[in-house]
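Descriptive analysis of the structure
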Amino acid sequence: MKLNRRAFIGTAAAAAGTFAAPLLVRADGHAKPRVVIVGGGAGGATAARYIAKDSNGEIDVTLIEPTRTYYTCFFSNLYLGGFRTMDSLGHSYGTLAAEYGINVVHDWATGVDRDAKTVATAGGYTIPYDRLILSPGIDFVDGAVAGWDVTSQNAMPHAYKAGSQTELLRAQVEAMPQGGTYAMVAPPNPFRCPPGPYERVSMVAHMLKETNPTAKILIADPKEKFSKQGLFEAGWNDHYAGMIERVGPDFGGDNIEVDPNAMTLSIDGDVTNVDVCNVIPAMKAGKIADLAGITEGNWAPVNAADLSSKMDENIHVLGDACAQGDMPKSGFSANSQAKVCANAVRGALTGSTVFPARFANTCWSLIDTNNGVKVGASYEATDEKIAKVDGFISEVGESAEVRQATFEESVGWYDGITADMFG
Ligand SMILES: Cc1cc2nc3c(=O)[nH]c(=O)nc-3n(C[C@H](O)[C@H](O)[C@H](O)COP(=O)(O)OP(=O)(O)OC[C@H]3O[C@@H](n4cnc5c(N)ncnc54)[C@H](O)[C@@H]3O)c2cc1C
């Protein structure tokens, strides 16, 4: 049979359909499957890059992210300690757009219509998807710290979303009077970056030791214990003796009130005048997860094998926003989950091979110059959750050489993971 052009196209499409059914023309006439990703941070940028890179143009990828420059929270404490510049933490989306063909839309996602499979944006767009990936990070629980809300974040910064808040906090530390008090209200579990508040205390102490050695640091903490506690406490004792006081729940660290106008912190009714007050409230999944109707309590439950929502198989949730099991809420975790999710989404949409889910995380913290410590683990997907397989942690009393090597490892990790996210 001699084929004319019309017949050839029809035959080719039918043949393609035999081997790659998901690539058939969509109901709305769109030729390629569409993945929309909300949030261009550690989870979202990685997922976007991996889906675009590995699908070789077979999937249309749209990334919705309001900011033009993403400032990493990871290493933002090092900026507070004077070890990094703010510029070195900033990453643009230019390479994702130019080299990976990702449609980067700088806008806020304001709603998800799960029946129509569309995302609405503040700019008025309606963006259709076959699969939606949400990686919006965290928002704060309203009323979590009495006296504090987002309107007080200029007087009492959280600096738990990096950028202007981090710069503000550092400026406040620099402006402290000699012998003044830096207070931190630490968050309850679970929260973004379990060692983060305590690395921050170390970095602020490092700066104060150089510029304001009689200053004090007061931590009000609702938790009995915290990540790498032994390592941090030994480090504070060695490097910042007498500077840091932590008040745990036994002594009212869970009964806090702040007054941003008076600059006071009340711990169990005992009021202290403070010069800086870093309030890190309780956290929940970024608001868009709530708006999509896929949260239970503060977080979005997901299946471990592919990070799909337990409430909607066409939506996946990555990173800090999801309730997945044993992994801590970290950039490394989000990046690791994103790769598993990208592989599964690509498999579902194009029929490509889906590999068994494996996850890893390491959290490094800097205590003082060249004094790095780490904790990490590997994980696998079970029917119930992402489950920890094995782990490691630095030891108290390690040599200066080991601590320096750990710090250098963390610098290499930063360069590697940001390249993995942003290309
Ligand atoms: C002080 C500090 C230190 C840390 N140190 C480390 C560390 O050393 N190592 C480590 O691994 N992790 C660290 N972390 C944790 C790490 O930053 C987070 O776990 C990680 O960023 C989570 O990734 P994510 O994709 O879930 O969220 P994010 O990286 O926060 O990305 C979320 C993105 O979604 C966007 N977004 C939110 N809502 C919407 C919406 N409605 N529409 C469109 N876009 C939206 C936001 O603008 C943001 O860019 C640290 C965190 C802090 C605060």
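For every chain, the first residue of the written sequence is number 1, and numbering continues from 1 onward in sequence order. Two thresholds apply to this predicted model, a pLDDT of at least 70 for residue-level local features and 80 or more for giving and counting side-chain atom pairs, whereas whole-chain, interface and lining totals are computed over all residues. The basis for every side-chain value is the complete set of non-hydrogen atoms in the structure, without hydrogens or water.

- Going by an unreviewed UniProt entry, the protein chain carries the name Sulfide dehydrogenase [flavocytochrome c] flavoprotein chain and comes from Octadecabacter temperatus.

Points about the overall build of the protein chain
- Each helix is a run of H or I in the DSSP string that is no shorter than four residues. Each strand is a run of E no shorter than two, and both are numbered from the N terminus. When its secondary structure is counted, the protein chain shows ten helices and 24 strands.
- Only the C-alpha atoms count toward the radius of gyration. The rule for a globule is 2.2 Å times the residue count to the power 0.38. Relative to the compact-globule value of 22 Å for 423 residues, the protein chain shows a C-alpha radius of gyration of 23 Å, a close match.
- Principal-axis analysis of the C-alpha atoms gives the protein chain an extent of 90 × 45 × 40 Å.
- The cut-offs for exposure are 20% and 50% of the maximum accessible area for each residue type, with area from a 1.4 Å probe on protein chains only; residues under the lower value are buried, those over the upper are exposed, and the others partly exposed. Counting every position in the protein chain, which comprises 423 residues, the buried fraction comes to 53%.
- In the protein chain, 67% of the contacts between residues at least 6 apart in sequence involve partners at least 24 apart.
- Carbon and sulfur atoms provide 50% of the accessible area of the protein chain, an area that totals close to 18,200 Å².
- Within this scheme the basic residues Lys and Arg register as positive and the acidic residues Asp and Glu register as negative, but His and the chain ends are omitted. Throughout, a charge is located at the NZ atom of Lys, the CZ atom of Arg, the CG atom of Asp or the CD atom of Glu. The average position of the 34 basic charges and that of the 49 acidic charges among the side chains of the protein chain differ by 9 Å. A contact between two residues is defined here by any heavy atoms of the two lying within 4.5 Å. Under the convention used here, a 1.4 Å probe and the Shrake-Rupley method define accessible areas, while residue burial counts only the protein chains that appear.

As for helix H2 (residues 42-55)
- Across its 14 residues, H2 extends 20 Å between first and last C-alpha, which sits within 8% of the 20 Å expected from 1.5 Å per residue.
- The element H2 is extensively covered by neighbouring structure, given that twelve of its 14 residues are classed as buried. To estimate how far a helix should reach, multiply one less than its number of residues by 1.5 Å.

So, a negative patch on the surface
- Like-charged residues within 9 Å of one another, or nonpolar side chains (Val, Leu, Ile, Met, Phe, Trp, Tyr) within 5 Å, are grouped into patches, provided each residue has over 30% relative accessible area and no salt bridge. For this analysis, a salt bridge means a side-chain nitrogen from Lys or Arg found within 4 Å of a carboxyl oxygen belonging to Asp or Glu. Judged by side-chain charge, Glu 224, Asp 250, Asp 254, Asp 268 and Asp 270 come together as a negatively charged surface patch.
- Its location among the elements puts Asp 254 in the loop between strand S13 (244-247) and strand S14 (256-259).

Notes on the sheet that holds strand S20 (residues 315-317)
- Any two strands between which DSSP finds at least two bridges are classified as paired. Strand order in this open sheet of five strands is S5-S2-S1-S9-S20, and the pairing throughout is parallel. Single-partner strands in this sheet number two, and they are strand S5 (103-105) and S20. Ignoring strand direction, the axes of neighbouring strands in this sheet form an average angle of 20 degrees.
- Pairing geometry for strand S2 (residues 60-64) and S5, over three bridges, is parallel. Throughout, an axis means a line fitted to C-alpha atoms (over the contacting stretch in the case of helices), and angles, computed between N-to-C directions, take values from 0 to 180 degrees.

Looking at the pattern of salt bridges
- Tallied over the full model, the rule gives 14 salt bridges.
- Close ionic contact of Arg 114 with Asp 312 constitutes a salt bridge, the shortest N to O distance being 2.9 Å. Linking Arg 114 in the loop between strand S6 (109-113) and strand S7 (118-121) with Asp 312 in the loop between strand S19 (300-301) and S20, this pair joins segments that are 198 residues apart in sequence.
- Residue classification places Arg 114 among the partly exposed positions, given a relative accessible area of 29%.
- The buried category is assigned to Asp 312, whose relative accessible area is 12%.
- A salt bridge links Asp 221 to Lys 223, with the shortest nitrogen-to-oxygen separation between them at 2.9 Å.
- Through salt bridges with shared partners, one network takes in Arg 49, Lys 339 and Asp 420.

A word on helix H9 (residues 331-350)
- An ideal rise of 1.5 Å per residue puts 28 Å on 20 residues; H9 measures up with 28 Å between its terminal C-alpha atoms.
- Of all 20 residues making up H9, 18 are buried, and the element is well covered by its neighbours.
- Each polar contact in these results corresponds to two N or O atoms within 3.5 Å; when the atoms are within protein, one needs to be able to donate a hydrogen and the other to accept it, and residues that are neighboring in sequence are counted only if both atoms are side-chain atoms. Sitting at the amino-terminal end of H9 is Ser 330, which places a side-chain oxygen 3.4 Å from the backbone nitrogen of Phe 332.
- Backbone geometry just downstream of H9 places Gly 351 in the positive-phi region, at approximately 80 degrees.

Description of the state of the cysteines
- Count a disulfide wherever a pair of cysteine sulfur atoms falls within 2.5 Å. Summed over the entire model, instances satisfying the criterion amount to zero disulfides.
- Cys 73 takes part in no disulfide bond, and the closest cysteine sulfur to it belongs to Cys 193, at a distance of 8.4 Å.
- Here Cys 193 stays unpaired: no disulfide links it, and the sulfur of Cys 363, its closest cysteine neighbor, is 5.2 Å away.

A word on the domain arrangement of the protein chain
- All domain edges in this entry derive from an automatic or database-based domain assignment. When its domains are assigned, the protein chain resolves into domain 1 (34-140 + 283-353) and domain 2 (164-279).
- Spacing between the C-alpha centres of domain 1 and domain 2 amounts to 31 Å.
- Tallying the contact residues gives 18 residues for domain 1 and 16 residues for domain 2.
- Buried surface at the junction of domain 1 and domain 2, summed over both partners, amounts to about 1,600 Å²; 64% is from carbon and sulfur atoms.
- Buried area counts how much accessible surface, traced with a 1.4 Å probe, disappears from two parts once they are put together, with both parts' losses summed. Broken down residue by residue, the surface that domain 1 buries against domain 2 is led by Asn 77, Leu 80 and Met 283, which jointly contribute 37%.
- Applying the counting rule to domain 1 against domain 2 returns one salt bridge.
- Salt-bridge contacts for Arg 192 lead to Asp 320; the nearest nitrogen and oxygen are separated by 2.5 Å.
- Inspection of the region where domain 1 meets domain 2 yields six residue pairs in polar contact (both at pLDDT 80 or more).
- Residue contributions to the side of domain 1 that touches domain 2 peak at five residues, all from helix H3 (residues 76-80).

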